[in-house]
Structure formats: structure tokens, C-alpha cells
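# Breakdown of the fold
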Amino acid sequence: MPHATTREPGELVGPRFALFSDVLLLGLVTTVAALPVLTAPAAMSTACAVLDRRVRHDETITVPGYVRALRARLRTGDLLAGVAVVAGGALLLFNALLSGAGLPGAAVFRPALLAAGALLAVVLLRACARPESATSWREAARTAAYETVRAPRGSAVLLLAVATAAVCAWAYPPLVLLVPGPLALSGVAAGRGGVAGR
């Protein structure tokens, strides 16, 4: 279906800018939905699903639509996934603090810890973009781990997206509110099996 190239009366942005504005809106509502922390995986997974529908079917992203999608899929397994993410993050942080305390072997341990954190971030982003995450986080994580190894170019693109988001948020902290949107876009792009997926 060909996309329109002109702005309709009353539209705030033209069609070429619409996806960009939808991604930013999605980033903002995902951040709000992830504020309880344990809901972060479900919020990100919902963002990926909503964005996938936006790209495939040209559905406009709205806040009520996102909230409906999140409510429809939120379950106990999502909260358990949130607990696992928080526990993994706490473990990485604890080990980072230990390596900074001058323990023997810290020079080798720090890069290994950084590599493990980066790998986990890529697997988590891939898992959020998997449709299985709506029903089974275990299956989504298993498939995401396999894809991370099987598609190194896509994993490199996702790693670059995570690193760029981290640098942007570090350089200008208010951008933290928007970064889930571009991260969801990169996860969806890798999951669709395009250039980023292989």
C-alpha cells in the first residue's frame, strides 16, 4: 500500500516525520509504564509489539492504544521477568563495585563484566521484540539468545543502539525519557530479519 507524501489538513506532522514522532511518543509512554521497574520488560515488549504493528499495518501509535495493549498482556510472568532483570542488574552492579575496590584481577574482570552486561542487554532487547514474550519469557529469552549468536550483525546493530542510548542519556539525562522508543525500533528491525537481523 503506497504511503501518502503530503500532510493532511489538521495534521501536526507530515507522513515522513510520523514514524519518528511515533517512536518518540512510544519512548515516553514506555518510560512511564516502566517506572514501577518490575513492569519494565512488559512495557518494552509492548512497545516492540505496538511498533511492529505500526510498521507492518501503518497503525498510528496512541497513548490509549499502548495502555490497552499493555493491560491486555500484563501477567504474573511479566512481573517475574522484571524481578529477574532487577536481580541481574543488581548482580552486575555489585560485581562492578567489587572490581572497582582494587581486588586482584580487576583489570581482566572489568572488561569481561562489561562484555557480559552488553551481551545480556542485547539478549534482553531481542527477547522484548519476540512475539513469544507476550506468553512465555523463558521461550522468548531462549530464542533471543540463539538469535544473538546466530545473527552477529544484528547483534552488533543492537549493541550499537544500546551504547548510543546510554551515551545520549549520560550526555543529556532528559533523553532517558525517550530512549525506549528508538531501542524498541532497533529490536523490531533486528527481529524482522532485515539487514540488521543477519
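Since this is a predicted model, take the numbers as computed values, not measurements.

Turning next to unusual backbone geometry. In this structure, V37 takes a positive phi of about 70° despite not being glycine. Here V37 lies in the loop between α1 (15-33) and α2 (40-57). The exposure class assigned to V37 is partly exposed, which follows from its relative accessible area of 44%.

Let us now look at the nonpolar core. Judged by nonpolar contacts, the single largest core of 32 residues is most densely connected at L26, M44, V50, L51, Y66, L183 and A184. Those elements that provide at least two residues to this core are α1, α2, α3 (63-73), α5 (106-129), α6 (137-150), α7 (152-171) and α8 (180-191). Apart from the residues lying within four places of it in its own chain, the contact partners of L51 are L19, V23, L26, I61, G181, A184, L185 and V188.

With that out of the way, let us pick up the state of the cysteines. Put plainly, two cysteines are in a disulfide when a covalent bond ties their sulfur atoms together. The final tally for this structure, using the stated rule, is 0 disulfides. A disulfide-free cysteine, C128 has its sulfur positioned 5.9 Å from the sulfur of C48, the nearest such atom. Judged by relative accessible area, C128 falls into the buried class, the value being 4%.

Another aspect to go through is α3. Residues separated by three or four positions in an α-helix point in the same direction, a consequence of the helix having 3.6 residues per turn. Turning to α3, its buried residues are Y66, A69, L70 and R73. Seen along its axis, α3 keeps its buried residues to an arc of 95°; they face one direction. Of the residues in α3, the exposed ones pointing more than 90 degrees away from the buried face are R68, R71 and A72. N-cap assignment for α3: the residue whose side-chain oxygen lies 3.1 Å from the backbone N of G65 is T62.

This part covers the packing of α5 against α8. α8 packs onto α5 with a crossing angle of 75° between their chain directions and a minimal axis gap of 9 Å. In terms of axis orientation, α5 runs roughly perpendicular to α8. Along the contact surface, α5 presents L125, R126 and A129, while α8 presents L183, S186, G187, V188 and A190. Residues of the contact of α5 with α8, tallied by class, amount to 5 nonpolar, 2 polar and 1 charged.

Moving on: the side chain of E132. On the secondary structure map, E132 appears in the loop between α5 and α6. Those residues in contact with E132 that lie beyond four places of it in its chain are W137, E139, A140 and T143.

Summed over all chains, the structure comprises 8 salt bridges. Across the salt bridge formed by R54 and D22, the nearest N and O atoms sit 2.6 Å from each other. Here the residue R54 occupies a position in helix α2, and D22 occupies one in helix α1, the gap between them amounting to 32 residues. When sorted by exposure, R54 lands in the same class as D22, which is buried. For R56, the salt bridge goes to D52, with nearest N and O atoms at 2.9 Å. Taken together, the residues R56 and D52, both in helix α2 and 4 residues apart, mark about one turn of the helix. Relative accessible area serves as the criterion here: at 48%, R56 is assigned to the partly exposed category. Each of R126, R130, E132 and E147 takes part in a single network of salt bridges with overlapping partners.

What counts, and at which threshold
Residues numbered from 1 in each chain as written. Predicted model: local features only at pLDDT ≥ 70, side-chain atom pairs only at ≥ 80, totals over all residues. Heavy atoms only, no water. Helix = DSSP H or I, 4+ residues; strand = E, 2+ residues; numbered from the N terminus. Buried < 20%, exposed > 50% of the residue type's maximum accessible area, 1.4 Å probe, protein only. Core = buried A, V, L, I, M, F, W, Y, C linked by side-chain atoms within 4.5 Å. Contact = heavy atoms within 4.5 Å. Disulfide = S-S within 2.5 Å. Arc of directions from axis to C-beta. Polar contact = N/O pair within 3.5 Å; in protein donor to acceptor, adjacent residues only side chain to side chain. Axes fitted to C-alpha atoms, helices over the stretch in contact; angles between N-to-C directions. Parallel < 35°, antiparallel > 145°, perpendicular 65-115°, else oblique. Nonpolar A, V, L, I, M, F, W, Y, C, P; charged D, E, K, R; others polar. Salt bridge = Lys/Arg side-chain N within 4 Å of Asp/Glu carboxyl O.

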